[in-house]
Amino acid sequence: MSRIEMIQPEEADADVARIYEATTAMLGRVPHSMRVLAKTPHVAKAMLPFIATLQREGGGSVLKTKVKEMVVIKTSHLNGCAY
């Protein structure tokens with residue numbers, strides 16, 4: 001299976017570094033999904049508010065952040081992903 005390389009924070013150019021700073025401010029970290037989206041910075045910028053709403057509490061979400069993280073980890077495990 002092909003893999004898309006993630007842009008690591010230490011490899012980020014100035015534009016991607018700003019996206020990572022905003023992501024960290026909103027989520028407390030830079031998830032793997034954002035590191036892949038950073039390959040297309042204009043898409044990453046557009047997706048950040050949507051991703052933050054999905055991963056954080058509030059914004060119309062009824063699940064706690066801890067439950068969301070448990071779902072991510074369990075789904076990754078079931079799919080054989082090393083997350």
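Here's what I pulled together on the structure shown here. (Residues numbered from 1 in each chain as written. Predicted model: local features only at pLDDT ≥ 70, side-chain atom pairs only at ≥ 80, totals over all residues. Heavy atoms only, no water.)

## Observations regarding the nonpolar core
The line we're drawing: We define the nonpolar core as a collection of buried residues of types Ala, Val, Leu, Ile, Met, Phe, Trp, Tyr and Cys that are connected through side-chain atoms lying within 4.5 Å of one another. Categorising residues by exposure relies on relative accessible area from a 1.4 Å probe, with only protein chains included: less than 20% of the type maximum marks a residue as buried, more than 50% marks it as exposed, and the intermediate range marks it as partly exposed. By the criteria applied, helices consist of DSSP H or I runs no shorter than four residues and strands consist of E runs no shorter than two, each listed in order from the N terminus. Working rule for contacts: check all heavy atoms of both residues, and any pair within 4.5 Å makes them a contact.
I7, A12, V16, I19, Y20, M34 and A38 are the most contacted members of the largest nonpolar core, which has 13 residues in total. Taken together, the elements giving at least two residues each to this core come down to α1 (14-27) and α3 (41-55). Look past the residues within four positions of V16 in its chain and what remains in contact with it is I7, A38 and P41.

## Quick notes on a nonpolar patch on the surface
Rules: Only residues whose relative accessible area exceeds 30% and that form no salt bridge enter a patch; like-charged residues are grouped when within 9 Å of one another, and nonpolar side chains (Val, Leu, Ile, Met, Phe, Trp, Tyr) when within 5 Å. With residues, only the protein chains shown are counted as cover, and all accessible areas are computed by Shrake-Rupley using a 1.4 Å probe. When a carboxyl oxygen of Asp or Glu is within 4 Å of a side-chain nitrogen of Lys or Arg, the pair counts as a salt bridge.
A cluster of nonpolar side chains, contributed by V62, L63, V67 and V71, occupies part of the molecular surface with about 360 Å² of accessible area. Secondary-structure assignment places L63 in the loop between α3 and α4 (65-78).

## What to know about the packing of α1 against α3
We apply this condition: Fitted lines through C-alpha atoms serve as axes, helices being fitted only where they are in contact, and the angles separating the N-to-C directions of these axes extend from 0 to 180 degrees. Relative orientations are named as follows: roughly parallel for angles under 35 degrees, roughly antiparallel for angles over 145 degrees, roughly perpendicular for angles from 65 to 115 degrees, and oblique for any other angle. Gly is put with the polar residues, along with every residue not named as nonpolar or charged; the nonpolar set is Ala, Val, Leu, Ile, Met, Phe, Trp, Tyr, Cys and Pro, and the charged set is Asp, Glu, Lys and Arg.
Interaxial distance between α1 and α3 falls to 10 Å at its minimum, and their mutual angle equals 5°. The angle between α1 and α3 places the two elements in the roughly parallel class. Of the residues in α3, those in contact with D15, V16, I19, A22, T23, M26 and L27 of α1 are P41, A44, K45, L48, P49, I51, A52 and Q55. Residue composition of the contact of α1 with α3, by class: eleven nonpolar, two polar and two charged.

## Side note on the pattern of salt bridges
In total, this model carries three salt bridges according to the counting rule given. Two residues, D15 and K45, come together in a salt bridge whose shortest N-O distance is 3.2 Å. Within this pair, whereas D15 is found in helix α1, its partner K45 is found in helix α3, the two being separated by 30 residues in sequence. The class of K45 is partly exposed, set by a relative accessible area of 46%. Here R29 makes a salt bridge to E69, at a shortest N to O gap of 2.7 Å. Of this pair, R29 sits in the loop between α1 and α2 (32-37) while E69 is found in helix α4, placing the two residues 40 residues apart along the sequence. A residue is classified by how much of its surface remains accessible, and R29, at 29% relative accessible area, is partly exposed. Take E69: its relative accessible area is 24%, and that puts it in the partly exposed class. Bridged by salt links that share partners, the residues D15, R18 and K45 form one connected network.

## Some thoughts on the environment of I51
Mapped onto the elements, I51 comes out in helix α3. Of the residues examined, I51 reaches a relative accessible area of 9% and is grouped as buried. Expressed as a C-alpha distance, the spacing of I51 and A25, which sit 26 residues apart in the sequence, is 13 Å. The contacts of I51, once residues within four sequence positions are left out, are L27, M34 and L37.

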